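Overview (structure and organization)
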Amino acid sequence: MVFRGGALIRLLGISCLLLAGSAQAFDDATANRVLLFARQQALRTDAAVPQGSYPQSTQNGTWRTFAAGHLTGWTQGFFPGELWYLAEDSGDANLRSKADTRTRPLEVQKTNSTTHDTGFKLMTSFGNAYRMTGNEAQRQVLLTGAGSLARRYNSELGYVVCCDWNRPTWLAPLVVDTMMDIELLLWGAAHGGQAAWKDMAISHALKTRDLLVRADGSSYHVVDFDPNTGAMRLRGTYQGAGDETTWARGQTWLMYGYTMAYRYTRDARMLAVAEKTSDWYVNHLPADSVPLWDFNAPPDKQYKDTSAAAIAASALLELSGYTADPARKQRYQEVALRTLDALSSPAYLVASGTPKTSVLQHGVGNAPAKQEIDVGLIYGDYYFVEAMLRFKRQARFATGWGARRDFTASVHTLGTGNTGVVSVEFDVTPRRYPLDDVIGYAGSATPITGFSSAAMQIRMNPNGRFDVRNGGAYAALAAVPYSPDTTYHLRMVADLNTKRYSVWVRPPGGAEVQLASNYAFRSDAPVPAELGKVSLVSTVADDAYTVSNHSVKGGQEEVWASRVDFGASVHSLGTGNTGVRTVEFDVTPARNLFDGVIGYADTSTNVTSFSSSAMLIRMNTNGRFDVRNGGAYAALTAVPYSAGNTYHVRMVTDLNTKRYSVWVRPPGGAEIQIASNYAFRSDAPPTDDLGKISVSGTTGNDTYTVAHHTVRAGTLAVPPRARRAPSDR
C-alpha cells in the first residue's frame with residue numbers, strides 16, 4: 001500500500017482576486033472552462049483504464065491503477081466520484097452511466113475492515129451515487145461499509161486505528177488522514193445506521209485534535225500507542241519531511257475533515273479545529289497559493305503539491321459558510337479563489353492535446369518513499385472538480401432566499417394575479433442534514449404565523465426525503481432523498497379553482513420524479529384565491545436551506561409559433577435585461593428534420609434576418625440541436641429532437657463578455673449541456689441587452705412552438721480586485 005497520498009455561505013460578492021502576475025481572475029467562465037476540460041479528461045481516462053481497475057497516479061502521462069477489490073489500496077473511489085460530480089454539473093447521461101458502471105464493482109469493499117480507507121473508497125463513490133440517485137441498494141452498501149469501518153474503532157484508545165500493514169513499527173496508529181474516513185460513520189448514523197457510530201466519530205476527532213494538532217494549528221502526521229498499555233510509542237510523520245514538520249496534504253485532511261465533521265454534528269469543537277488548522281495553512285501559503293508537499297521541505301526537494309491545494313480550496317469554500325467571523329469568512333473565500341485561479345492556469349492545469357490524462361499536474365504522493373513525485377493524482381482531480389462545483393453552488397446562494405425560523409421573516413411576496421392554474425419552479429439547496437423544513441404557499445391576504453397558514457407545502461422531512469402535504473398529512477408518490485450542499489429543481493402546478501396541486505423534483509443530473517399528483521390543499525389552512533406568498537420556514541436554523549431561481553407562471557401563458565417572416569417572428573422581452581441573464585423555455589417541434597432558429601437580439605435591433613440575432617439556438621436539418629458560436633453552428637453533445645416531444649432549454653448569457661452557454665433537457669431525461677461559453681454571432685449587430693426573441697424557421701410557419709419563456713437575472717463574480725500583498729493576508 002502506498003500510505004496515503006491523498007484523499008455555506010452567501011458570497012461576499014464573490015471575491016475574485018487576481019493572482020500576482022496573472023491577467024485572469026477566477027470566475028464562473030473559468031470554472032466552466034475547467035469543468036469542460038475535466039469531462040474530456042475523464043472520458044479519456046475511462047477509455048484508457050480497463051473496467052475493474054481504478055486510476056491513482058500518472059506515470060509518463062498514463063495512469064497507475066489499483067483493482068476494485070484491492071484491500072489496502074485507498075483511491076479506488078475517486079474516479080467514480082469525479083464522474084458523478086461531472087455528471088451532476090453537466091447533466092450528461094453518458095457520464096452518469098459511466099459513473100454507475102465504475103461504482104458498482106466497489107461494492108466488494110463494503111465488508112473490508114482491514115483499513116480505515118473503507119471510508120474514502122465508499123463515500124466518494126457510493127456516497128455521491130446515493131446523493132444523486134436515492135437508490136436504496138446504494139444506501140445499504142454504505143451502511144454495511146460503516147459497520148465494517150466501526151470494527152476498527154478501539155474503545156480503549158477512543159479512535160479508529162488506521163491500519164495493520166506497518167506492524168511492528170506501528171501497533172495502534174492514529175493518522176490525520178482518518179479524519180476524512182470517519183465521514184462514513186457520521187453519514188451512516190444519520191441515514192439509518194447505529195447512533196453509536198456518530199459517538200465513535202466524535203471521539204476520534206477529539207483524540208486527533210488532542211494528539212496531532214499542535215498548539216499553533218500545524219500538525220503531526222501519525223501517533224502510535226501500545227494497545228495493551230495505552231503508552232505512546234511515537235509521534236511524527238510518515239509522508240512528511242520530518243517528525244516536527246507539517247506535511248501539506250495532512251494539514252488539508254484536517255481542514256477538510258473537521259469542516260465535514262461540523263457539517264454533520266454542529267459541534268462547536270469541530271468548527272474550532274477547522275478554523276485553527278485553516279488559519280495556520282493560509283498564513284503559511286506561498287505567493288501562488290499552491291503549497292510545497294511539506295511546508296518545511298528541504299531546499300533540494302521543493303516540489304509543489306496540487307492535490308493539497310485542491311483539497312484546501314474545497315475545504316475553505318465550505319468552511320467560509322460556517323465560520324461566524326466576517327473577516328475570517330472573507331479570507332477563507334479569497335484564498336480558495338486564489339487557489340482555484342492558480343490551479344486553473346497553465347502552470348498547474350494539464351495542457352490540452354498532450355498525452356497526459358489527469359486534470360492537474362505537479363502533485364506529490366509520497367516524497368520520502370520517492371513515489372509519485374510531480375505527477376497527476378486522481379484525488380487531486382476529484383477535489384479540484386468538487387471545489388469547482390462548490391464555487392458554482394455559492395453563486396446560487398448569493399441570489400437566493402435563505403430559510404428563516406421566524407415565520408414573519410420567512411415570507412416573500414409573489415405579486416397579485418396568480419389565479420387559476422399556476423406553475424411554480426425553483427431550485428432548493430439544503431445546507432444541513434437532516435431537516436424538518438417546509439416551503440409553503442398562501443394567498444396574498446393570509447398572515448403567515450404558522451405551518452397551517454400555507455395551503456400548499458413541500459417539505460424536506462426528518463427522514464431525509466422530500467414529501468408534500470395532502471389534505472391532513474404529508475405523503476409522497478416516490479422516495480426522493482435530499483443531501484446537504486446539493487441542488488434540486490422543484491416544479492409545482494397548482495389549480496386555485498379545484499384546490500389541488502402536483503409536485504415534481506429533479507435530482508442533480510437526473511430525471512424529473514413526480515412526488516405528488518393532484519394532492520389536496522392543506523385541510524386546516526386558509527383557502528387561497530391566488531398564489532401571493534411563499535414562506536421558507538426552517539425548524540432547524542436560519543439559512544438551513546436556500547431557494548433560488550424562483551418563478552411563477554400563469555396557466556394561460558402565451559405560446560409562440562414559429563414564422564418564416566422575420567417581422568412576424570419577433571416578440572419583445574422588455575427593457576433592462578443587461579449583464580448576466582438566464583433564459584428558460586419549452587420548445588416543441590411539430591415536424592422532424594426542419595430548420596428552426598430561436599434568436600435573441602438587442603432592443604434597438606431591427607430583426608430582418610438570422611444575422612440580426614447575436615445568440616441563436618437551432619434545430620437543424622440533421623435532426624439535432626446546435627448553437628451559434630461566432631461564425632458557425634456547433635454543439636458539445638449531439639441531442640436529437642423529434643416531432644411532438646417537448647424539450648426544456650436553458651441559456652445563460654453574459655451581455656458584457658458576449659458569451660453564452662446552453663443546456664437542453666429531453667422529455668423525462670437529464671439536462672445536457674450543448675454550448676459552453678460560446679461567442680455571440682460574429683456578424684450580428686452590437687448587443688448590450690436581451691430585448692427581443694425571434695422564433696423563426698425557413699421550412700414553414702408553425703414548425704415548432706415556444707412556451708413558458710422566462711428571463712431572469714443571472715449571477716457572476718464582481719469585477720476582480722488587485723491581489724493583496726502577502727503581508728496583508
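Placed above this text is the structure.
Residues numbered from 1 in each chain as written. Predicted model: local features only at pLDDT ≥ 70, side-chain atom pairs only at ≥ 80, totals over all residues. Heavy atoms only, no water.

Let's talk about the overall build of the chain
- Counting its regular elements, the chain contains 14 helices and 33 strands.
- A globule of 729 residues ought to have a C-alpha radius of gyration of about 27 Å, and the chain, at 26 Å, matches this closely.
- Each of the three principal axes of the chain carries a C-alpha extent, and together these read 85 × 60 × 50 Å.
- Each of the 729 residues in the chain was classed as buried or not, and the buried ones make up 62%.
- When the accessible surface of the chain is summed, it comes to about 24,700 Å², and 49% of that surface belongs to carbon and sulfur atoms.
- Between the mean site of the 71 positive side-chain charges and the mean site of the 66 negative ones, the chain shows a separation of 1 Å. (Helix = DSSP H or I, 4+ residues; strand = E, 2+ residues; numbered from the N terminus. Rg over C-alpha atoms; globule rule 2.2 N^0.38 Å. Buried < 20%, exposed > 50% of the residue type's maximum accessible area, 1.4 Å probe, protein only. Areas by Shrake-Rupley, 256 points an atom, 1.4 Å probe, with all protein chains shown as cover. Lys, Arg positive; Asp, Glu negative; His and termini not counted. Charge placed at Lys NZ, Arg CZ, Asp CG, Glu CD.)

Overview of the pairing of strand β6 (residues 222-225)
- Neither face of β6 is exposed, since Val222 and Asp224 on one face and Val223 and Phe225 on the opposite face are all buried.
- When strand β5 (residues 172-175) meets β6, the two strands line up antiparallel, connected through 4 bridges. The partner of Ala172 across the bridge, within β6, is Phe225.
- Pairing of β6 with strand β7 (residues 232-236) involves 4 bridges; the strand directions are antiparallel. By the bridge assignment, Val223 is partnered in β7 with Arg235.
- Linking two consecutive strands that pair antiparallel, namely β6 and β7, is a turn of 6 residues; a positive phi of about 80 degrees is found at Gly230 within it. (Pairing = 2+ DSSP bridges.)

Things to note about helix α11 (residues 306-319)
- Over its 14 residues, α11 extends 20 Å from the first C-alpha to the last, a length consistent with the 20 Å expected when each residue adds 1.5 Å.
- Most of α11 is tucked away: 14 of the 14 residues are buried. (Expected span 1.5 Å × (residues − 1).)

Quick notes on helix α3 (residues 93-103)
- Of the residues making up α3, those classed as buried are Leu95, Ala99, Asp100, Arg102 and Thr103. Buried residues of α3 fall within an arc of 165 degrees about the axis and therefore sit on the same side.
- Here the buried face of α3 lies against α1 (28-48), β1 (53-59), α2 (78-90), α4 (118-133) and α5 (136-150).
- The opening residue of α3 is Asp92, an N-cap whose side-chain oxygen sits 2.8 Å from the backbone nitrogen of Asn94. (Arc of directions from axis to C-beta. Contact = heavy atoms within 4.5 Å. Polar contact = N/O pair within 3.5 Å; in protein donor to acceptor, adjacent residues only side chain to side chain.)

Details of the packing of helix α12 (residues 326-343) against helix α13 (residues 378-399)
- Here α12 crosses α13 at 130 degrees, and the two axes come no closer than 11 Å. Overall, the two elements α12 and α13 adopt an arrangement that is oblique. Seen along the crossing, α12 lies across α13 with a hand that is left-handed. Across the interface between the two elements, Gln333, Leu337, Leu340 and Leu343 of α12 pack against Phe384, Ala387, Met388, Phe391 and Gln394 of α13.
- By residue class, the composition of the contact of α12 with α13 is 7 nonpolar, 2 polar and no charged. (Axes fitted to C-alpha atoms, helices over the stretch in contact; angles between N-to-C directions. Parallel < 35°, antiparallel > 145°, perpendicular 65-115°, else oblique. Left-handed = near helix turned anticlockwise from the far one by under 90°. Nonpolar A, V, L, I, M, F, W, Y, C, P; charged D, E, K, R; others polar.)

Remarks on the sheet that holds strand β30 (residues 659-665)
- Spatially, β22-β33-β24-β29-β30-β31 is the arrangement adopted by the 6 strands of the open sheet, whose pairing is antiparallel. Sheet topology places β22 (560-561) and β31 (672-679) at the edges, where each strand pairs with a single neighbour.
- In this sheet, strand β29 (residues 647-654) lies alongside strand β24 (residues 580-589) in antiparallel orientation, the contact comprising 8 bridges. Each bridged residue has a counterpart across the sheet, and for Asp586 the counterpart in β29 is His648.

A few points about the pairing of β31
- Taken across its 8 residues, β31 has 7 buried, putting it largely inside the fold.
- In the sheet, β30 pairs with β31 via 5 bridges, with the strands oriented antiparallel. Paired with Arg659 across the bridge in β31 is Ala679.
- Following β30, the chain reverses through 6 residues before pairing antiparallel with β31; Gly668 in that reversal takes a positive phi of roughly 75 degrees.

A look at the environment of Ala231
- Topologically, Ala231 is positioned in the loop between β6 and β7.
- Owing to a relative accessible area of 39%, Ala231 belongs among the partly exposed residues under this scheme.
- Placed 91 residues apart in sequence, Ala231 and Tyr322 show a C-alpha to C-alpha distance of 37 Å.

As for the sheet that holds β7
- Strand order in the open sheet made by the 3 strands is β5-β6-β7, with antiparallel pairing throughout. The outermost strands of the open sheet, each flanked by one partner alone, are β5 and β7. Neighbour to neighbour, the strand axes of the sheet diverge by 15 degrees on average, direction disregarded.
- In this fold helix α8 (residues 196-212) packs onto β5, β6 and β7, with an angle of close to 85 degrees to the strand it touches most, β5.

Here's the deal with the side chain of Glu584
- Mapped onto the elements of the fold, Glu584 is located in strand β24.
- What Glu584 contacts, discounting residues up to four positions off in sequence, is His648, Val649, Arg650, His708, His709, Thr710 and Arg712.

Observations concerning unusual backbone geometry
- Looking along the chain, the bond that leaves Arg167 and enters Pro168 is cis, with omega of 0 degrees.
- Tracing the backbone shows Pro168 in the loop between β4 (159-160) and β5.
- Following Tyr433, the chain continues into Pro434 via a peptide bond in cis, with omega recorded as -10 degrees.
- For Asp485, which is not a glycine, the phi torsion comes out positive at approximately 60 degrees.
- Assignment of secondary structure puts Asp485 in the loop between β16 (473-475) and β17 (488-495).
- Residue Asp485 is classed as buried on the basis of its relative accessible area, which comes to 7%.
- A positive phi is found at Asp543, a non-glycine position, where the angle reads about 60 degrees.

Let's talk about the nonpolar core
- Core analysis: the largest hydrophobic core is formed by 122 residues, its most contacted members being Leu185, Trp253, Leu340, Tyr383 and Phe384.
- What Leu185 contacts, discounting residues up to four positions off in sequence, is Ala146, Leu149, Ala150, Val160, Trp197, Lys198, Met200 and Ala201.
- Among the nonpolar cores identified, the runner-up in size contains 37 residues, and Ala403, Leu435, Ala455 and Ile458 belong to it. (Core = buried A, V, L, I, M, F, W, Y, C linked by side-chain atoms within 4.5 Å.)

Notes on the packing of aromatic side chains
- Per the stated rule, a full pass over the model turns up 33 aromatic pairs.
- Here the aromatic rings of Phe625 and Tyr647 are separated by 5.4 Å at their centres, their planes lie at 65 degrees, and the arrangement is edge-to-face. One end of the pair, Phe625, is in strand β27 (residues 625-629); the other, Tyr647, is in strand β29, and 22 residues separate them in sequence.
- Classification of Phe625 by relative accessible area gives buried; the value is 3%.
- With relative accessibility at 3%, the residue Tyr647 sits in the buried group.
- On the basis of an interplanar angle of 75 degrees and a centroid distance of 5.8 Å, the ring pair of Tyr660 and Phe680 is categorised as edge-to-face. (Phe/Tyr/Trp six-rings, centres within 6.5 Å; stacked < 30°, edge-to-face > 60°.)

What to know about the pattern of salt bridges
- Applying the stated criterion to the full structure yields 33 salt bridges.
- The salt bridge partner of Glu318 is Arg263, with a shortest N-O separation of 2.7 Å. You can see Glu318 sitting in helix α11 and its partner Arg263 sitting in helix α9 (residues 248-265), a full 55 residues away along the chain.
- Salt-bridge contacts for Arg328 lead to Asp279; the nearest nitrogen and oxygen are separated by 2.6 Å. A residue pair is termed long-range when its members are at least 10 positions apart, and Arg328 in helix α12 and Asp279 in helix α10 (residues 268-283) qualify at 49 residues.
- Three or more residues are tied together by salt bridges with common partners; here these are Glu183, Arg263, Glu318, Glu386 and Arg390. (Salt bridge = Lys/Arg side-chain N within 4 Å of Asp/Glu carboxyl O.)

Some words on the packing of helix α7 (residues 183-190) against α8
- Where α7 meets α8, the axes come as close as 7 Å, and the angle between the chain directions of the two elements is 150 degrees. Classified by the angle their axes make, α7 and α8 are roughly antiparallel. The way α7 lies across α8 gives a crossing that is left-handed. In contact with Leu185, Leu186, Gly188 and Ala189 of α7, α8 contributes Trp197, Lys198, Met200 and Ala201.
- Of the residues assigned to the contact of α7 with α8, the class counts are 6 nonpolar, 1 polar and 1 charged.

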